[in-house]
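Chain and residue survey
Listed below are the residues making up each chain.
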Amino acid sequence: MKILVTGGAGFLGSNLCKKLLENQENNVICLDNFSSGKKENILELMHNSRFKLIEHDITEYLDIEVEQIYNAACEASPKFYQSHHLRTFETCILGTKNLLELAKKYNAKFIQFSTSEIYGNPLQHPQHENYFGNVNTMGVRSCYDEGKRAAETLCFIYNKEYNVRTKVIRIFNTFGPNMREDDGRVISSFISKAIRNEDIEVYGDGTQTRSLCYVDDLIDGILKMMNSSDDIIGPINLGNNYELTMNELAQKVIELTGSTSKIIYKPLPQDDPIKRKPSLELAKELLGYVPKISIDEGIKKTIQYYNSLKTTSKNS
Ligand code: UDP
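Criteria and thresholds
- Residues numbered from 1 in each chain as written.
- Predicted model: local features only at pLDDT ≥ 70, side-chain atom pairs only at ≥ 80, totals over all residues.
- Heavy atoms only, no water.
- Salt bridge = Lys/Arg side-chain N within 4 Å of Asp/Glu carboxyl O.
- Helix = DSSP H or I, 4+ residues; strand = E, 2+ residues; numbered from the N terminus.
- Buried < 20%, exposed > 50% of the residue type's maximum accessible area, 1.4 Å probe, protein only.
- Near = heavy atom within 4 Å.
- Polar contact = N/O pair within 3.5 Å; in protein donor to acceptor, adjacent residues only side chain to side chain.
- Areas by Shrake-Rupley, 256 points an atom, 1.4 Å probe, with all protein chains shown as cover.
- Nonpolar A, V, L, I, M, F, W, Y, C, P; charged D, E, K, R; others polar.

Under the defined criterion, the tally for this structure stands at 18 salt bridges. Among the ionic pairs, Asp 296 bridges to Lys 252, the shortest N-O distance being 2.8 Å. In this pair, Asp 296 sits in helix H9 (residues 295–315) while Lys 252 sits in helix H7 (residues 246–257), placing the two residues 44 residues apart along the sequence. Since its relative accessible area comes to 18%, Lys 252 is described here as buried. In this structure, a network of salt bridges that share partners links the residues Glu 117, Arg 141, Arg 210, Asp 272 and Arg 276.

Listed below in structure tokens is the structure:
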């Protein structure tokens, strides 16, 4: 199978490429413009003859014949996408349209990496796929939220008008190896601070919630979606539905790292969702998806990863 993974050097993309290459029949082409992806994430894959990297920005059309497309390309961390509002918006819209054209040309199956940000600051809890969301069109998150919403719309248009085999997954907060230490998201920030015994910064009063999924579970769900029948187009939520406050998370990270870090409080960023938890009923019913890795287990594996980075940088 000839497979294209856009954003293949990013956090999710690189974990996905690695998993896909475990199947000896797969050839994986990774596209990345390295706006947030990192060469380090794919270094070990570069030795594999079935893996190919093309440095490319998806806002430009690229013609390559493939059978499956995973569109993971987009800066996903608020810190990164809020530094590049227009680029983020264009990646979502122009980039997704270019890839849908490619899927149309080669009759490739197409998965759009959508997001829980579709629901904005949700007024429904947990979030079911039929909830339309509560999104600010003009806020600091809008380039990502509205870009991703429009990208979903593009998928449904190409599916209806051109019979492109599109699938949309809405990914909730995910963490694990290959997420940049300087990514700014909560797990990478808390763990990298904790292992250095630096203050952990909790934004707001820390009562806001998230439901965090370990990356291996998410990749399992993504593959289940790709391998599902063409009539399953989504959107389908993927993630973990164990919900906790950011205060609880900070405490957990301190305990599991054995750190002497203190928790300090900083202002809550604009439009930061107050609570978030996926309904996973549809994912279970249609894909048989049930996350298996507990938050504690996931955090322990992630601590090992960030510790290994510390060792590598010391030795180099
Ligand atoms: N957060 C925090 N400290 C940090 C980074 C994030 O308290 O150093 C909070 C943030 O305000 C949000 C939650 O953790 O309420 C998750 O943030 P993240 O950026 O990981 O993802 P998102 O807000 O997109 O869900």
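Looking now at the site of the ligand. Taken together, 18 residues form the shell around the ligand, and within it Val 186, Glu 201, Arg 210, Asp 272 and Arg 276 come nearest. Arg 276 is positioned with one of its side-chain polar atoms (N or O) 2.7 Å from an oxygen atom of the ligand. Considering the ligand on its own, with 520 Å² of exposed area, one finds that the protein chains cover 95% of that surface. Of all elements in the fold, only helix H5 (186–194) and strand S8 (200–203) reach the threshold of two or more residues within the shell around the ligand. Partitioned by chemical class, the residues of the shell around the ligand number seven nonpolar, four polar and seven charged.

Between His 125 and Pro 126 the backbone carries a cis peptide bond, its omega angle lying at -10°. Going from Gly 234 to Pro 235, the amide bond is cis rather than trans, its omega being 5°. If you check the backbone angles, Asn 197 has positive phi at about 55° while not being a glycine. For Asn 197, the location among the structural elements is in the loop between H5 and S8.

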